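Now for the letters of each chain:
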Amino acid sequence: MNTMKWLLRREFWEHKGGFVWAPLIAAVIMVVLVAGVVGYGVSSGKMSGDSITVRVGGTEVHRSQMADLATRHSRTEMADVAANNYIAIGAPIFIVLPTVAFFYCLAALYDDRRDRSILFWKSLPISDSTTVLSKLLTALVLAPAITIGIASATAFLILMLAGVAVSAQGVNLFGPVLSNVNLYLSPVYLLAMIPVYVLWALPTVGWLLLVSSWARSKVFLWAVGVPLIAAVLLKWMDYLLALYGATINADWIINNVVETLLLGLIPGAWFMDGGTAMPASAQHGVDLLSVLGASWGSLARPEAWVGAAAGVAMILGAIRLRRWRDEG
Amino acid sequence: MSAVISARNLTKKYGKQTAIDGIDFEIPAGRIVGLIGPNGSGKTTTLKAALGLIPFEGELRVMGLDPRTQRDALMQDVCFIADVAILPRWLKVRDAVDFVAGIHPRFDRSRAERYIANTRLKPEMKVKQMSKGMIVQLHLALVMAIDAKLLVLDEPTLGLDILYRKQFYQNLLEDYFDENKTIVITTHQVEEVEHILTDLMFIRDGKIVLAASMDEVGERYVEVMVPADKVNAANALQPIDQRTVFGKSVMLFDGVSRAQLSALGETRNPSVADLFVATMKGTYA
């Protein structure tokens, strides 16, 4: 247990750049951009006292301030929408995660073989399965948790900036938004999706770790090239077979196998290709709780477990290779 | 426990190439053994087998354990420095000490820190900012603070300057080695280790050609400066090696009594390097 704690810390030392700085920089850029727009708008008065004017034939017949339009009821509703959906603002940060995690997994069991520092790690009393497990936990649990933390904080900050913007128009939403329980539950809902993410991402992580611990060089080429070339070959065979009226169902294999191997690290991959239906958008946008429910529901699909089992098998392969690969 | 490492018919093949050819040897506890051989003779392969880094055939026990199946238990008591300068480039001195302290039950933190304090290493320094010599100092600080029963050093000082090399072996001998520990060293720089070795093992083409304690080596091998008029008499005793220095023949004898040889000329103990060269004659021919 203690060993695992230190191994995770070790991963963190080495990959702080990818897992912390990259999403943090994305977050800072987003916040600064929004703050700049809001700050400019508020200070130049472009956002204040905006009124809605209705003219008929050039004659003004009605004029009202935003503040008057927003009734008490609609304010609660706006706050509700905001508290339920603000986390979606963090989406760009969730795009950083699969990219970083993909390259992390590829490098995880390869880099220390390339620079031979594996001989240092292997001189310590750490089993190869513990080492590989620490990389797995880093990619599948630690990295998503850090991303969720940063994305939630970013979304919250931007929500507050939006609050400043609308309050400049005389609509103060801080009270109803901050007292809305969904504001605080949203990050928790995201964290509760991690187990689902782990299961769906296992085949990709397993594949990448396997290549990472097997390839003597050019890990990226092996990891991406092999599935892609396989996909092309399958397509071609399918085309040839079609001349004789047969098929190997290449599209099905490509969708289910190749995508599972390469795209599993994308958050919400289980919604791709309509595999699991995204909950219908309600009046107040998509409710995160129903997304959470649908995500857990995706585990009823057998593909989830077949993929996870394949992932585990590839991880076992990676451990075995790590144990016996002769580094010369 | 008698032997720290014992090998019976240890064999390792890479495809058709035989790296280790059915060797037998025993290394008792409390020794400093020099495993010496030319490039490609199988010394690193032997050590890798003992450290459980590669599969092999035959029988090999390291502290009673099979390195193939019991590596995790074995590494509690064994430590090694394989090759120079292999610490990860991003590692900080402070983190390295913390990490090993965190995972190694036999690590003595204060010892490592004391050793580091005597170098120019700073806690915030990263490996990529260090010279090769400094990396080895850090590695040695970590390893010396581990109370391992067996320490394996594979070319630990290759490419270091003489100051670092001398200091390395001095630290090892003065601050680390005691009768409960065993050290196995492979190196090309025979001259620098010969005074610290207790045992010698020469390996050639995957076979052990000499395994003896330094005392036995001293008794068995004698070098004689033979003047020109006694060369024929000396040749009759079948020297294993012969070279000429300042017009005099220097001959190396194996197992000829010292009394008999002193009649031929001035006798002395050969250096390990001379012995090595004589034993390995024709390796690269």
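Residues numbered from 1 in each chain as written. Chains lettered and ligands numbered in written order. Predicted model: local features only at pLDDT ≥ 70, side-chain atom pairs only at ≥ 80, totals over all residues.

A. Focus on the overall build of chain B. Along the backbone of chain B there are eleven helices and 13 strands. A principal-axis box enclosing the C-alpha atoms of chain B has dimensions of 70 × 40 × 35 Å. Put simply, chain B has 285 residues, and 41% of those count as buried. Restricting to contacts in chain B with at least 6 residues of sequence separation, those with at least 24 account for 70%. (Helix = DSSP H or I, 4+ residues; strand = E, 2+ residues; numbered from the N terminus. Buried ≥ 20, exposed ≤ 12 C-beta atoms within 10 Å, placed from the backbone. Contact = placed C-beta atoms within 7 Å.)

B. The overall build of chain A, seen in detail. Looking only at helices and strands, one finds 14 helices and two strands in chain A. For chain A, with 328 residues in total, the buried portion stands at 34%. Across chain A, the fraction of contacts at a sequence separation of at least 24, relative to all contacts at a separation of at least 6, is 82%.

C. Main features of the domain arrangement of chain B. Residue and element names in this part refer to chain B. Entries for chain B in the domain assignment read domain 1 (3-205) and domain 2 (222-279). For domain 1 versus domain 2, the distance between C-alpha centres works out to 35 Å. If you look at the interface, domain 1 gives six residues, while domain 2 gives five residues. Elements with a contribution of two residues or more to the side of domain 1 that touches domain 2: helix 7 (190-193) and strand 8 (199-204). Within the side of domain 1 that touches domain 2, the residues separate by chemical class into four nonpolar, no polar and two charged. (Domains from an automatic or database assignment. Nonpolar A, V, L, I, M, F, W, Y, C, P; charged D, E, K, R; others polar.)

D. Quick look at the nonpolar core. Judged by nonpolar contacts, the single largest core of 92 residues is most densely connected at V62, V78, A141, L151 and V152 of chain B. The residues touching L151 of chain B, leaving out its near neighbours within four places in the chain, are C79, F80, V143, K181 and I183 of chain B. With 62 residues, the next largest nonpolar core counts A108, Y110, I148 and A318 of chain A among its residues. (Core = buried A, V, L, I, M, F, W, Y, C linked by C-beta atoms within 7 Å.)

E. Molecular detail of the sheet that holds strand 1 (residues 3-14) of chain B. All names here are of chain B. In spatial order, the strands read 2-1-4; together these three strands make up an open sheet with antiparallel pairing. Edge positions in the sheet fall to strand 2 (17-28) and strand 4 (57-62), since each of these pairs with one other strand and no more. The average angle at which neighbouring strand axes cross in this sheet is 15°, direction not considered. Relative to strand 2, strand 1 runs antiparallel, the two sharing eight bridges. (Pairing = 2+ DSSP bridges. Axes fitted to C-alpha atoms, helices over the stretch in contact; angles between N-to-C directions.)

F. A look at the sheet that holds strand 3 (residues 32-36) of chain B. All names here are of chain B. Strand order in the open sheet made by the six strands is 5-6-7-3-8-9, with mixed pairing throughout. Taken across any chain shown, the strands that pair with only one partner, and hence form the sheet edges, are strand 5 (78-82) and strand 9 (207-213). If you compare each strand with its neighbour and ignore which way they point, the axes differ by 15° on average. As paired elements, strand 6 (residues 150-154) and strand 7 (residues 182-186) share five bridges and run parallel to each other. Paired with D154 across the bridge in strand 7 is T186.

G. Quick look at the confidence of the model for chain A. Within chain A, residue pLDDT values average 86, and 90% of them lie at 70 or more. Taken element by element, chain A is modelled with least confidence in helix 2 (residues 66-69) of chain A, mean pLDDT 60, and with most confidence in helix 10 (residues 194-214) of chain A, mean pLDDT 95. (pLDDT = per-residue confidence, 0-100.)

H. The arrangement of helix 13 (residues 288-297) of chain A in detail. Within the sequence span of helix 13 of chain A, burial applies to L288, L292 and S295 of chain A. Seen from one end, helix 13 of chain A has its buried residues packed into an arc of 60°, which puts them on one side. (Arc of directions from axis to C-beta.)

I. View of the pairing of strand 7 of chain B. Residue and element names in this part refer to chain B. Burial analysis of strand 7 places five of its five residues in the buried class, which makes it a mostly covered element. Of the two faces of strand 7, the one lined by T182, V184 and T186 and the one lined by I183 and I185 are each fully buried. Bridge analysis of strand 3 against strand 7 gives four bridges, and the strand direction is parallel. Bridge pairing links L35 to T186 in strand 7. For the crossover that starts at strand 6, traverses helix 6 (residues 162-176) and ends in the parallel strand 7, the hand is right-handed. (Right-handed = clockwise from strand over helix to strand, strands pointing away.)

J. Just the pairing of strand 9 of chain B, in detail. Residues and elements named next belong to chain B. Relative to strand 9, strand 8 runs antiparallel, the two being bridged by six bridges. Across the sheet, the residue bridging to M201 is A211, located in strand 9. Between strand 8 and strand 9, which pair antiparallel and follow one another directly, the connecting turn spans two residues, one of which, D205, has a positive phi of 50°.

K. Up close: the interface of chain B and chain A. Each side of the interface is counted separately: chain B has 21 residues, and chain A has 20 residues. Of all the elements, helix 3 (residues 93-103) of chain B adds the most residues to the side of chain B that touches chain A, at five residues. Looking at side-chain class alone, the side of chain B that touches chain A contains 14 nonpolar, three polar and four charged residues.

L. Representation of unusual backbone geometry. Residue and element names in this part refer to chain B. Even without being a glycine, N9 presents a positive backbone phi close to 55°. Topologically, N9 is positioned in strand 1. One non-glycine residue, M63, lies in the positive phi region at around 50°. The topology assignment puts M63 in the loop between strand 4 and helix 2 (71-74). Judged by C-beta crowding, with 20 C-beta atoms within 10 Å, M63 ranks as buried.

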